[in-house]
Every structure is written in C-alpha cells, then in structure tokens.
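Results of the structural survey
Single-letter residue listing:
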Amino acid sequence: MTHLLHIDSSPRGDQSHSRRLTREFVEQWKRLHPSDIVTYRDIGHNPVPHIDEPWIAAAFTPPEQHTSELQEAIRLSNQLVDEFLAADVYVMGVPMYNFSVPSVFKAYIDQLVRIGRTVAFEPDDAAHVYKPLVLGKKMFVIEARGDSGFESGGRYEKMNHHDPSLIAVFEFIGVTDITFIHVEKSEYGEEKLTESIAHAQTQIAQLVSTHSQEAEGQ
Ligand SMILES: Cc1cc2nc3c(=O)[nH]c(=O)nc-3n(C[C@H](O)[C@H](O)[C@H](O)COP(=O)(O)O)c2cc1C
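Before going into details, it helps to say that this report is about the structure given with it. (Residues numbered from 1 in each chain as written. Predicted model: local features only at pLDDT ≥ 70, side-chain atom pairs only at ≥ 80, totals over all residues. Heavy atoms only, no water.)

Attention now moves to unusual backbone geometry. Within the chain, Phe 99 stands out as a residue other than glycine whose phi angle is a positive 70°. Here Phe 99 lies in the loop between strand 3 (89-93) and helix 4 (103-112). Judged by its relative accessible area of 33%, Phe 99 falls in the partly exposed class. For Lys 185, which is not glycine, the phi torsion reads 70° and is therefore positive. Along the chain, the position of Lys 185 falls in the loop between strand 7 (177-184) and helix 6 (190-217). (Helix = DSSP H or I, 4+ residues; strand = E, 2+ residues; numbered from the N terminus. Buried < 20%, exposed > 50% of the residue type's maximum accessible area, 1.4 Å probe, protein only.)

Right, here's the structure in full:
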C-alpha cells in the first residue's frame, strides 16, 4: 500500500490550475489503487508560519534539552516532518511566482529541512558533510505558470528559479526522483492554455498509470 502526500500551495480556489491538476492526479491514482492512503495539506489556504528565532533555537538544541517553550516552537515542524517521512509519493501543486515558488511553499521547505530529521550533518566526513535522510521517495511537482520559455534553451531559462531550487533542496534531503508537470501560458488566452492543460493531463495519465503500478510492486 502506497501513501501519498498531496500538497497545494496556490492561494486561489477553483481558478487554480495547479490545484485542479493535483486533484486529478490523486483522483486517478485512487481510482487505480483505492486502498492507497492520501494525506492532504492545503498550505495555500492554511499557510505554515515562517521559521523564527525560537524555532531556530529548538532545531539546533538536542530534543532531550528542550524546554516547554522550545518544544512548542518546533511542534508544527515535527508534525510536518513526520507527515513527510510517512509518505512514499509526493504530489505538490506549486505555481511560479516571480520566477520562483510562492513564499508559503518556501516557508514549508524551511519547516521540513531539519538536521537530524531530514538531513544528517557529519562534519568529520569531508566528502559527505550532509547526508540525506529521506530516501526511496518519488515526487511529482505540478507547476502552473502564466508564461512559457522557462525550459532549458528557452528565452527565460536563466530566470527560472523555481524548478532548479526545488530540485536542489529536495535532492539535499534525499528526494532525487522528481518529475515536473507544467501547465503554462495562462496569460496567452484560452486556446493556448487549453492546449497546455490537455498536454499536462496526458502526462498525468501516463505517469499515474506507470508509477502507481511500480509503487504497488515494491
Ligand atoms: C504574484 C504572482 C506572480 C507571478 N509570477 C509569475 C512568473 O514569474 N512567471 C510566470 O510565468 N507566471 C507568473 N504568474 C502567473 C501564475 O504563475 C499563473 O497565474 C498560475 O496559473 C498560478 O497558479 P494557479 O493557477 O495554480 O493559482 C504570477 C502570478 C502571480 C499572482
């Protein structure tokens, strides 16, 4: 049985393309594998807080030395990390905002990347100071963007701080199997957007069919 963690980060509701497609992804997966588990977190409508000074103090103090204040400061982060570690497959809806991810998604990442929980720090091992701890997972990122040309060789390639930043940080904690599904050109009118959505839907149908079977076989 596979456990999916479904995250939406668009602040929009029914108008959101990333939300619609993450929902379609998860619904198709569940249709093929009804007994698989899905955990849903909507950080677009219920944002996680930015980390603050008590959070940093708690994250860098051994848990056995935590005061009740430090325990409280790191409580939500512990819950988010537990939830992340419990899942096998991540389905993330992440729009492009100003060439990067929405700030709420960055806040979520800052809550997740934790020494001793998602990455180990081993200063004596010069070759591998940081050792990823989140292994054997798959991630699907459904990214909505208004324009196009952010791919390799595209006119905005150098301005794309979305896909590369997610690859860097999730690989840092061990999630190396990451697939992007892009829905784009919403700023170019209905026809181009419809084409892009149809392309994303075809990609989703293929990915769900292949990866849900693979996950079942493991
Ligand atoms: C604040 C803001 C910043 C945006 N920045 C970009 C951008 O840098 N590049 C781009 O192609 N589209 C940009 N867009 C367009 C969104 O990526 C697009 O509307 C996308 O569909 C939003 O995701 P959603 O439909 O899931 O809400 C921006 C939209 C907003 C509201």
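Picking up where we left off.
A few words on a nonpolar patch on the surface. Together, Ile 51, Ile 56, Phe 60, Ile 115, Phe 121, Tyr 130 and Phe 172 line one region of the surface with nonpolar side chains, adding up to about 640 Å² of accessible area. Looking at the element boundaries, Ile 56 is found in helix 2 (residues 53-59). (Patch = residues over 30% accessible without salt bridge, like charges linked within 9 Å, V, L, I, M, F, W, Y side chains within 5 Å. Areas by Shrake-Rupley, 256 points an atom, 1.4 Å probe, with all protein chains shown as cover. Salt bridge = Lys/Arg side-chain N within 4 Å of Asp/Glu carboxyl O.)

Before going further, it helps to examine the pattern of salt bridges. Enumeration over the complete set of coordinates arrives at 15 salt bridges. We note a salt bridge from Glu 24 to Arg 20, for which the minimum N-O separation is 3.4 Å. Taken together, the residues span about one helical turn, with Glu 24 and Arg 20 both in helix 1 (residues 17-32) at a distance of four residues. Here Lys 131 and Glu 122 are joined by a salt bridge, their closest N and O atoms 2.7 Å apart. Since its relative accessible area comes to 33%, Glu 122 is described here as partly exposed.

Moving on, we get to the side chain of Ser 16. Relative to the elements of secondary structure, Ser 16 occurs in the loop between strand 1 (3-8) and helix 1. At a separation of 3.3 Å, a polar atom in the side chain of Ser 16 contacts the side chain of Ser 18. (Polar contact = N/O pair within 3.5 Å; in protein donor to acceptor, adjacent residues only side chain to side chain.)

Within strand 3, five of the five residues are buried, leaving the element largely enclosed by the surrounding structure. Residue alternation in strand 3 divides its side chains into two sets, Val 89, Val 91 and Gly 93 and Tyr 90 and Met 92, and both sets are buried. Across five bridges, strand 1 lies against strand 3 in parallel orientation. Directly across from Ile 7, in strand 3, lies its bridge partner Met 92. As defined by bridge partners, strand 3 adjoins strand 6 (residues 138-145) across five bridges and the pair is classed as parallel. Bridge pairing links Val 89 to Lys 138 in strand 6. (Pairing = 2+ DSSP bridges.)

Before going further, it helps to examine the site of the ligand. Around the ligand there are 17 residues in total, and Ser 10, Arg 12, Ser 16, Ser 18 and Met 96 lie nearest to it. Between the ligand and the protein, one listed contact pairs an oxygen atom with a side-chain N or O atom of Arg 12 at 2.7 Å. Considered on its own, the ligand offers 640 Å² of accessible surface; in the complex 77% of this is hidden by protein. Considering only residue class, the shell around the ligand consists of six nonpolar, seven polar and four charged. (Near = heavy atom within 4 Å. Nonpolar A, V, L, I, M, F, W, Y, C, P; charged D, E, K, R; others polar.)

Honestly, that's just the spatial picture; any functional story needs more than this.
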